[in-house]
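Architecture at a glance
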Amino acid sequence: GKITFSMIKPDAVANGHTGAILKMINDAGFRIVAMKQARMGAIQAAKFYEIHKERSFFQELIDFMTSGPFVALVLEKDNAVEDFRKLIGATDPQKAAPGTIRNLFAKNIDANAVHGSDSDANAIREASFHFAGLEMFDKDGNCMG
Ligand code: UDP
Ligand code: MG
């Protein structure tokens, strides 16, 4: 697939890492299709993360993701989902490879700096959750909605 969805999470925004993370995304060859800083409430965050609602960390995840603004991103590149997960590194920054975004900017497995979609289908679902189709354009200028 050509599209993935990412968030620069509240910890990374609060710590002033937005610009450095965007530069890494850019340097890795991703094109920004859509971008905005926003804030989620608990109902919205629970809906976004509903696939994790049975996991032990669900409430902490909702509390963390609603703790401050995040930056939502739709990114375009060949093999976008897999290549972006490589760029961000493992969920636990202790296990994230050197030079990955989580290795450089994440403090722990909860506040881990960035989100990246795990499949093409979820990338579409997550991008559509945060952006109207009219806000997303491919590199030829065609509306993706
Ligand atoms: N998370 C957490 N504790 C855990 C595992 C995950 O707080 O033990 C959080 C973390 O912010 C992670 C998110 O829940 O990014 C979603 O978990 P997932 O397993 O989907 O990891 P990811 O796809 O983000 O690498
Ligand atoms: Mg995931």
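Please refer to the structure placed before this passage.
A short tour of the structure in this document, coming up. (Residues numbered from 1 in each chain as written. Chains lettered and ligands numbered in written order. Predicted model: local features only at pLDDT ≥ 70, side-chain atom pairs only at ≥ 80, totals over all residues. Heavy atoms only, no water.)

1. So, the site of ligand 1
Every residue near ligand 1 is listed here: Lys-9, His-52, Arg-55, Phe-57, Leu-61, Arg-85, Thr-91, Arg-102, Ile-109, Asp-110 and Asn-112. The side chain of His-52 places a nitrogen or oxygen atom 3.1 Å from an oxygen atom of ligand 1. Residue Arg-102 places a side-chain N or O atom 3.0 Å away from an oxygen atom belonging to ligand 1. Residue classes in the shell around ligand 1 are distributed as three nonpolar, three polar and five charged. (Near = heavy atom within 4 Å. Polar contact = N/O pair within 3.5 Å; in protein donor to acceptor, adjacent residues only side chain to side chain. Nonpolar A, V, L, I, M, F, W, Y, C, P; charged D, E, K, R; others polar.)

2. A word on the sheet that holds strand β3 (residues 70-76)
Taken in spatial order, the four strands line up as β2-β3-β1-β4 in an open sheet, and their pairing is antiparallel. At either end of the open sheet lies a strand with only one pairing partner, and these are β2 (31-38) and β4 (114-116). Each strand axis lies, on average, 15° off the axis of its neighbour in the sheet, ignoring direction. The pairing of strand β1 (residues 3-8) with β4 spans three bridges and is classified as antiparallel. Bridging across to β4, Met-7 finds its partner in His-115. Across the sheet, helix α2 (residues 18-27) lies against β1, β2, β3 and β4, angled at about 10° from β3, the strand it touches most. (Pairing = 2+ DSSP bridges. Helix = DSSP H or I, 4+ residues; strand = E, 2+ residues; numbered from the N terminus. Axes fitted to C-alpha atoms, helices over the stretch in contact; angles between N-to-C directions. Contact = heavy atoms within 4.5 Å.)

3. Side note on the pairing of β3
Taken across its seven residues, β3 has seven buried, putting it largely inside the fold. Here β3 shows two buried faces, one formed by Phe-70, Ala-72, Val-74 and Glu-76 and the other by Val-71, Leu-73 and Leu-75. Pairing between β1 and β3: six bridges, direction antiparallel. The residue of β3 that forms the bridge with Ile-8 is Val-71. (Buried < 20%, exposed > 50% of the residue type's maximum accessible area, 1.4 Å probe, protein only.)

4. Here's the deal with the pattern of salt bridges
Counted according to the given criterion, the structure contains six salt bridges. The partner of Glu-76 in a salt bridge is Arg-31, and the shortest N-O contact between them spans 2.7 Å. Of this pair, Glu-76 sits in strand β3 while Arg-31 sits in strand β2, placing them 45 residues apart in sequence. Residue Glu-76 is classed as buried on the basis of its relative accessible area of 8%. (Salt bridge = Lys/Arg side-chain N within 4 Å of Asp/Glu carboxyl O.)

The values are spatial; any link to function lies outside them.
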